[in-house]
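What the coordinates show
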Amino acid sequence: MARPFTLLIKPAGPDCNIACEYCFYACKEDYFGGGAHRMSPEVQEHLVKSYLECGFEQSSFAFQGGEPTLMGLDFYKRLVELQQKYGQPGQVISNALQTNGILLDDEWSQFLAEYKFLSGISLDGPKEYHDVYRKDRAGKGTYDRVMAGIEACRRNKAEYNILVLLNNINVQHPDELFDFFTDPGIQYIQFVPCVEKSADDPHTPAPYSITPEQYGRFLCRIFDRWTDYGVRKLSVRIFDSMLSFMLGNPHTECTFNRRCADYIVIEHNGDAFCCDFYVTGDTKLGNIMDTPIGELAAGQVKRSFNRKKTEIDNKCLMCKHLDICRGGCPKDRAMLTGTHKVPSYFCEGYKMFFAYALPRLEMIAQDIRNGKYND
């Protein structure tokens with residue numbers, strides 16, 4: 001049996017109902033061609049059947065985009081029916097949806113609550129920060145519509161968490177972001193640092209990217225606010241991942257894992273890839289309509305790709321933080337250099353944060369071992 005893995009599914013490909021300036025996936029329209037990109041019923045059924053036939057005790061379907069809600073609610077109702085049809089005795093099936101939240105209403109959120117979908121909703125902070133880059137195709141900000149989607153989830157008790165893309169604007173305001181996201185009682189949040197190539201120079205960050213120093217300062221300040229606020233009251237993904245590692249478990253964030261994440265990307269047409277940051281010809285695994293998903297995930301292309309994470313620069317091998325960092329994400333190493341065997345773009349930011357936070361994180365981990373947070 002193949003090593004267990006998650007499916008990261010792009011049912012509408014790179015298509016989206018808004019036009020975020022910093023989106024890294026919109027350019028994939030060039031790869032797949034113009035027009036609308038939608039997963040057919042045949043590909044959807046084959047995807048569910050082939051994946052569940054792998055026989056994993058835990059089978060995880062995660063839908064992203066582009067914008068996955070463009071498929072319409074009937075697509076996900078049929079998904080549940082197919083999972084019930086092809087699921088094997090004892091299998092636990094989970095579903096997640098990463099969305100901009102704009103299309104979420106009572107009907108959507110009632111369905112998500114009933115079938116226990118976890119929704120990750122993208123929100124870059126208060127309106128004055130969110131609307132800088134997250135605009136619709138008419139150039140209008142999307143904040144009010146996203147908040148309406150979040151409110152629908154709250155009304156109908158649909159579980160959700162928040163994903164914040166840190167850009168050159170909101171990264172400068174950690175206290176405002178922390179206050180904003182704790183006031184509504186949000187329990188789970190993920191901060192994703194943005195770095196993309198400039199359109200004019202592939203070795204220069206795009207204007208909306210953040211610097212390593214900005215990221216380090218941001219993490220240090222958010223860490224202070226988090227420990228003061230209460231580590232049980234708010235889950236911050238990067239902190240949770242580090243605590244997991246300190247407690248002898250794998251990182252929960254693939255950035256710091258020894259190997260790349262155990263997932264494969266399935267596009268709208270059934271094409272499979274190693275990672276959504278690497279949807280290119282040389283990382284294509286094949287197509288699920290031709291080859292079983294388990295074989296694609298265990299194939300030579302995927303194994304070779306995973307080895308990139310272990311090919312670490314000599315500077316990293318000599319770093320005292322190697323065990324907890326493992327060189328960071330290969331995407332962040334290669335973004336401006338073209339090679340993954342260099343330190344991460346965010347290296348200096350990570351060093352700043354590790355030096356600042358690791359002693360206190362170790363104390364928190366020890367408190368967890370002693371049962372302090374079990375009440």
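Here, the structure is the one placed above.
Residues numbered from 1 in each chain as written. Predicted model: local features only at pLDDT ≥ 70, side-chain atom pairs only at ≥ 80, totals over all residues. Heavy atoms only, no water.

What follows covers the nonpolar core. Grouped burial of nonpolar side chains is what soluble globular proteins tend to show. One finds L7, L47, Y76, I162 and W226 to be the most contacted residues of the largest nonpolar core, which totals 111 residues. Not counting residues within four places of it along the chain, the set of residues in contact with W226 comprises F178, V231, L234, V236, F239, L243, L361 and I364. (Core = buried A, V, L, I, M, F, W, Y, C linked by side-chain atoms within 4.5 Å. Buried < 20%, exposed > 50% of the residue type's maximum accessible area, 1.4 Å probe, protein only. Contact = heavy atoms within 4.5 Å.)

The next point concerns the pattern of salt bridges. Inspection of every chain in the model, using the stated rule, returns 23 salt bridges. Among the ionic pairs, R38 bridges to D15, the shortest N-O distance being 2.7 Å. Of this pair, R38 sits in the loop between α1 (29-32) and α2 (41-52) while D15 sits in the loop between β1 (6-10) and α1, placing them 23 residues apart in sequence. Owing to a relative accessible area of 37%, R38 belongs among the partly exposed residues under this scheme. Of the residues examined, D15 reaches a relative accessible area of 11% and is grouped as buried. Here E107 makes a salt bridge to K77, at a shortest N to O gap of 3.9 Å. Remark: K77 occurs in helix α3 (residues 73-86) and E107 occurs in helix α4 (residues 106-114); sequence separation between them is 30 residues. Taking the relative accessible area as the measure of exposure, K77 reaches 34% and is therefore partly exposed. (Salt bridge = Lys/Arg side-chain N within 4 Å of Asp/Glu carboxyl O. Helix = DSSP H or I, 4+ residues; strand = E, 2+ residues; numbered from the N terminus.)

To continue, consider the side chain of Q91. Positionally, Q91 belongs in the loop between α3 and β3 (92-99). Given the relative accessible area of 15%, Q91 is considered buried. Within polar-contact distance, the side chain of Q91 engages the backbone oxygen of F56 at 3.4 Å. Polar contacts involving the side chain of Q91 include one to the main-chain amide nitrogen of Q88, which spans 2.7 Å. Apart from the residues within four sequence positions on either side, Q91 is in contact with L52, G55, F56, E57, S59 and Y86. (Polar contact = N/O pair within 3.5 Å; in protein donor to acceptor, adjacent residues only side chain to side chain.)

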